[in-house]
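Breakdown of the fold
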Amino acid sequence: MGIALSSAALRRQIDSVMRGTSGQYKISKTDIQRLEVPKVPLEEQCRIVAAHAAFERRIGVLEQVLSKLEVAREALSAQALGQGAGWRFAPLDEVATVAAGVTLGSEPVGEGTIELPYLRVANVLDGRIDTADVKSVRILQAQRERFALREGDLLLTEGGDLDKLGRGAVWDGRIDVCLYQNHVFRVRCGARMSPDFLALYTSSTEGRAYFQRVGKQTTNLASINSTQVKKMPVPVPPVEEQERLLGPIHAVRSRIAVIDRHIAKLRVVQQGAVEDLLDGKASPPTQ
């Protein structure tokens with residue numbers, strides 16, 4: 001039953017009867033009882049379950065490898081930053097520029113405006129940018145250069161849970177022209193600082209401790225301001241040393257990215273195979 005409920009046909013039925021607002025959606029017991037579940041013979045159900053389980057085993061093996069690589073990445077990151085006994089520290093604004101993005105809520109209209117995609121807090125995760133759901137905003141054409149991201153910009157979040165302050169990742173330029181909202185800080189490094197090395201430090205135990213120490217805590221969330229980000233003390237070893245230390249970390253990250261993509265593809269194939277089996281369009285794969 002669990003496999004059938006995850007099928008596209010059942011999801012469409014569920015989505016059509018869900019009620020609620022602001023992300024608080026629910027479905028009634030009556031609506032659940034009215035769902036049209038595929039009538040599949042028991043023997044065929046067993047074959048579908050077996051096919052689904054075969055995919056899960058393959059994905060499980062990859063996820064175990066992924067977990068080990070994540071541990072290795074964290075160890076390499078700690079090792080890299082642990083070599084800085086003689087490094088000079090400087091305020092962040094000595095080696096990078098910090099700026100906030102587009103303020104939402106009062107978009108201009110008419111001539112001289114342009115609508116572009118932008119990244120909000122929900123898109124900026126810990127160590128990666130999620131562009132699965134990107135919204136658009138209208139700004140003045142003259143503001144495009146001010147708010148447009150460049151490949152290599154480090155994005156840090158302004159607010160959230162105290163232990164998640166300053167979470168972020170380096171923008172890879174996957175969207176040609178992309179803006180960012182005012183609750184996200186854009187940190188653009190100068191010649192003395194690699195954005196990847198800076199991201200390594202801001203996400204480290206020391207970097208997180210700084211954000212937690214200066215963050216302003218309210219009842220529901222915490223926040224930092226641009227002045228605090230600019231004053232953050234960051235290590236500034238020679239750029240050549242930064243790149244040398246990043247080498248092994250980049251290698252592990254590349255392997256992680258490959259496995260992530262493989263898992264994602266397997267999930268798509270798995271869902272498609274199960275859909276076909278439920279519809280009687282295919283036979284289960286041999287194991």
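Note: the structure precedes this text.
Here goes a summary of the coordinates provided. This is a predicted model, so every value here is computed, not measured.

**Here we look at the sheet that holds strand β7 (residues 154-157)**
Ordered in space as β4-β11-β7-β9, the 4 strands form an open sheet in which the pairing is antiparallel. The open sheet has two free edges, formed respectively by β4 (96-100) and β9 (168-170), since each of these has just one partner strand. Averaged over all pairs of adjacent strands, the angle between their axes in this sheet comes to 20°, without regard to strand direction. Those strands touched by helix α6 (residues 195-202) are β7, β9 and β11 (184-189), and its axis lies near 20° from that of β7.

**Re the packing of aromatic side chains**
All chains considered together, the criterion is met by 3 aromatic pairs. Pairing Phe-89 with Tyr-201 gives two aromatic rings, centres 6.2 Å apart and planes at 75°, and the pair type is edge-to-face. A residue pair is termed long-range when its members are at least 10 positions apart, and Phe-89 in strand β3 (residues 89-91) and Tyr-201 in helix α6 qualify at 112 residues. For Tyr-201, a relative accessible area of 10% corresponds to the buried category.

**Concerning helix α4 (residues 42-81)**
End to end, α4 covers 57 Å across 40 residues, agreeing with the expected 58 Å (1.5 Å per residue, within 8%). Of the positions making up α4, those classed as buried are Glu-44, Ile-48, Ala-51, Ala-54, Phe-55, Ile-59, Leu-62, Leu-66, Leu-69, Ser-77, Ala-80 and Leu-81.

**Details of the nonpolar core**
In terms of nonpolar packing, the biggest core is built from 31 residues, with Leu-92, Val-187, Met-193, Leu-198 and Val-234 touching the most fellow members. For this core, the secondary-structure elements that each account for two or more residues are α4, β4, β7, β11, α6, α7 (205-214) and α9 (239-278). Sorting elements by how many residues they give to this core places α6 first, with 5 residues. Residue contacts for Met-193: discarding those within four places in its chain leaves Val-95, Leu-198, Val-234, Pro-235, Val-236, Val-239 and Gln-242.

The rules behind the values
- Residues numbered from 1 in each chain as written.
- Predicted model: local features only at pLDDT ≥ 70, side-chain atom pairs only at ≥ 80, totals over all residues.
- Heavy atoms only, no water.
- Pairing = 2+ DSSP bridges.
- Helix = DSSP H or I, 4+ residues; strand = E, 2+ residues; numbered from the N terminus.
- Axes fitted to C-alpha atoms, helices over the stretch in contact; angles between N-to-C directions.
- Contact = heavy atoms within 4.5 Å.
- Phe/Tyr/Trp six-rings, centres within 6.5 Å; stacked < 30°, edge-to-face > 60°.
- Buried < 20%, exposed > 50% of the residue type's maximum accessible area, 1.4 Å probe, protein only.
- Expected span 1.5 Å × (residues − 1).
- Core = buried A, V, L, I, M, F, W, Y, C linked by side-chain atoms within 4.5 Å.

On their own, these measurements won't tell you what the molecule is for.
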